[in-house]
Each structure stands twice: as C-alpha cells, then as structure tokens.
Amino acid sequence: MTRSRWALGAHITREDHRVTTMELLFDVVYVFAFIQVTSWIAEEFSWRSTAEGLVMLAILWWVWVAWAWLGNVMRADRGLPLAGFIVAMVAVFGLALTIQGIWEAEGGALAPVAFAVFYAIVRLVHATVYYWGARDDARLRRQILLSTAAWIPAAGLLVVGALLPPEQRLYWWAGTVALDILATWLLSVRGPGWRVNSGSHFAERFDLIVILALGESVLAVGITAADLEITAELLGIALLGVLVAIALWWPYFKDVGPALEQALEAAAPERKPDLARDAYTYLHLPLIMGIILTSAGIEGAVIALEQDDPPGSSAVLLAGGAALFAVTAAALMKVAGGTWGWLAGSGVFFAAAALWLPALDATVAIVVTVVVLAGVGFVTPSSRHRESIAVDSGG
C-alpha cells in the first residue's frame, strides 16, 4: 500500500532516486539570494565588501548543503521532510531579504537579528527532520547528533555578531563559517559517517545549483543594465556577460560534472559519502564563489559605465572569480580522476591577469575571459583515467 504524501514518516530513497520538484522549488530562492550577494559585492566594491559577500554566501551554502544531503536519503516531497522543506524555503527567503544593508545595520537591528534567527530556524528544522527520518538508522542518527555540535555554536556566533556594532560583525560571522566548515569536516571524518543512497541524485542536485548560479549571473547583469540608457558599449558588455556564463558552463558541464558523476557512481557504497563530502559539499563552495565573483565583475563593469568610472575594480573581480572557478574545477577533476592540467593552468593565468586586465577596456577584459574559459573547456577531456580520491571517514 502506498504511503500518503502527508504521512508523518519519511520515505527513504533508493539508488534510482532523482531530484524532486520540491527541491527544485527550494533552489529557486537561492537565485534571489545569489543576486543579493552579487549586487552587494558589485555595488559596494572594496576588499571588505567582497569578504562580507563571500561570508554571506558561505552561510547560505552551508544551509543549502544540509538540505541536499537530507533530500538524498529521504524524499523531499513526502511526509515530514516536505513540511521541513517548506519551512526552510520560507526561512531562506527571509535570509536573502536581509542581505542588502545588513553589514551597515547597527547592533541589535532587525536585519542582522532576523538573519541569525532565520539561520537557527532552518538548521533546527533540518536537524529535527533528519533525525526523525533516520530513526531506523542508528549510525546516521549518531552522525546527525555530532553535526549538531558544529552548527549550534556557529549559530551562537551569528547571534553575537548580530548584536555587536557593524564594524565587528564580519569577524564574528566569518567565525561562524570557519567553525561550521572545520567542525563539520572533523566530525564527518571521525564520526560514523553519512549516507548517500543515490549517486545520480547527488550529482544532479549540485549540477542544478551550479546552473542556478550561472543563471543568476545573467539575471544580475540584466537587471542592472535594464535601468540604464542603452548604448553600444552597455549592450556589448551585457551580451558578453551572457557569453561569460556560457564559458563557465562549458568546462563544468562538458568535463567536470560528468567526471564527478561517473566517479560517484563507480565508488563503492562505503566510499560514496566521503567522495560526496569532499567533491560536492566542500569543493563546490569555492566553485560557486568563483561564479558569483565573475558575475559581480561584469555587473561592476556596467555600474562603472553608468558612473563614468574606470573599470579596473570590476576587472579584478572578473579575473579573481575566473581564477577561483578554474582552480576549483581543476581540483574537482583531480578528485574525480580526470585531466586537470589545462584547468589549473587557466587558473594561474587568471590569477596573474588580475594584475594587467584592469588596464584594458572592460569589453576586452571580458572577451579574454570568454576565450580562455571556452578554450580550456574545449581541450579538457571529460573521461576519467584513474581512481577517484577522497579522505576516508572513520565510520
């Protein structure tokens, strides 16, 4: 007998499980969140605002990752997990709404306090739903309890930062990210271990968030450009921004994504969680950061055009984002057992280009980025030629 969609229990997934429509709907909120982060970095450009944007992105990422793991083990569109995803989606939208101006708000103001509260809610709901759904899996339950030891103090740092003056907030919230990342890593490696029931679901889930980040890069530039008077230069920069998104898409979805999915499918069941943790949970964060920084660079070029400012700062963001994306993509290919040299070389090129791209016209700088990324995507093979690598957990 088929269990009702609204039955309280969790519907445990199988190996052939695919991404559900509830997970797709949940991810839509992240398009808005990514736009908020990109706009903050582009409009307030400085080293500090860039750090603030990346810290915010890392906090949002850690929330998304937690629910991605849950959705791999139990269906997101059935039972208690469905209710949890609905609550989480509303809370994440609340997080995204507070981003603009949150770093300037006084201690105890509504925006930073609401951000901390929404974060605590979404993590508490996740832990509750995950623990309840795993009630027949004692090993997974122990791992969930261990991970709680990471996010509770991290949430505490968020609350403290929300109550302190804005000039101190970055350090406390950066501490949230550092604690969450380091503690989760240690507790995952030393703990009994997570579960990956479907490798194809896991790969598809992360492919989709990369697509959404690329889509956000087009939307962010389009929204900014739509408010300006159309000129030939503005049109050129905006259209080239679309080509940058395609150039980022090319090496990931032609090479990196397929190689990772093959590696995850080929891994023994006990190694799947380790590979998923290293390649997807951890290494996809800098990959997404690279996309967001590249998008901020193009949006910054549009803003500089409006204000008749030199495009130097936007070129630094563009080159830095492309370098971070390429180096991370190379690391992912190495983990998957594929060819990574061309990607790594392009990462070094973009890192060095941050020194001379600002001297070029914004249009030329974007063209260089498109040509190099597309070329690397073309010459890098997607096939794997050795075993994947991952840190073994203690479970």
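Quick notes on the rules
- Residues numbered from 1 in each chain as written.
- Predicted model: local features only at pLDDT ≥ 70, side-chain atom pairs only at ≥ 80, totals over all residues.
- Heavy atoms only, no water.
- Helix = DSSP H or I, 4+ residues; strand = E, 2+ residues; numbered from the N terminus.
- Expected span 1.5 Å × (residues − 1).
- Bend = angle between axes of the 7 residues up to and from the residue.
- Buried < 20%, exposed > 50% of the residue type's maximum accessible area, 1.4 Å probe, protein only.
- Phe/Tyr/Trp six-rings, centres within 6.5 Å; stacked < 30°, edge-to-face > 60°.
- Lys NZ or Arg CZ within 6 Å of the ring centre and 35° of its normal.
- 1 Å grid on protein atoms, 1.4 Å probe; cavity = no way out; pocket = protein on both sides within 12 Å on 5 of 7 lines; lining within 4 Å.
- Points joined across faces, edges and corners; volume = space filled by probe spheres on them.
- Nonpolar A, V, L, I, M, F, W, Y, C, P; charged D, E, K, R; others polar.

Novice: How would you summarise helix H8 (residues 232–266) if you had to cite specific residues and measurements?
Specialist: For the α-helix, the turn length of 3.6 residues means that residues three or four positions removed from each other point alike. When the terminal C-alpha atoms of H8 are compared, their 50 Å separation across 35 residues agrees well with the 51 Å that a helix rising 1.5 Å per residue should span. Maximal helix bending in H8 amounts to about 40 degrees, located at Phe253.

Novice: Kindly report on the environment of Val189, identifying the contributing residues and their values.
Specialist: Structurally, Val189 can be placed in helix H6 (residues 166–190). A relative accessible area of 12% means that Val189 is categorised as buried. Between the C-alpha atoms of Val189 and Phe118, which are 71 residues apart in sequence, the distance is 28 Å.

Novice: Tell me what's going on with the packing of aromatic side chains, and back it up with residues and numbers.
Specialist: All told, the structure shown has 24 aromatic pairs when counted by the stated rule. Centre to centre, the rings of Tyr30 and Phe34 are 6.0 Å apart; their planes meet at 65 degrees, and the pair counts as edge-to-face. In this pair, Tyr30 and Phe34 are both assigned in helix H1 (residues 21–43), four residues apart and thus about one turn of the helix distant. Residue Phe34 is classed as buried on the basis of its relative accessible area of 1%. One aromatic cluster is present, formed by Trp61, Trp64, Trp69, Tyr130, Trp194, Phe202, Phe206 and Tyr280 through successive ring pairs. Here the guanidinium or amino end of Arg141 rests over the ring plane of Tyr131, the centre of that ring lying 3.8 Å away. Cation over ring: Arg277 sits above Trp185, and NZ or CZ is 4.7 Å from the ring centre.

Novice: So what's going on with the layout of surface pockets? Residues and values would help.
Specialist: If you add up the space inside the largest pocket, you get close to 180 Å³. Around the largest pocket sit 13 residues that line it, and Ile12, Gly133, Ala134, Asp136 and Asp137 are the ones nearest its centre. Looking at the lining of the largest pocket residue by residue, the classes come out as six nonpolar, two polar and five charged.

Novice: Hey, could you go over empty space enclosed by the protein for me, with residue numbers and the actual values?
Specialist: One simple way to see leftover space: roll a probe sized like a water molecule over the atoms. Applying the stated rule across the entire model yields four cavities of 30 Å³ or more. Considering only enclosed or pocket space, the largest cavity measures out at about 240 Å³ in volume. Elements that contribute at least two residues to the lining of the largest cavity include exactly helix H2 (47–73), helix H4 (110–133), helix H5 (138–163), H6 and helix H9 (272–282). Among the residues making up the lining of the largest cavity, the classes are represented as 11 nonpolar, six polar and three charged.

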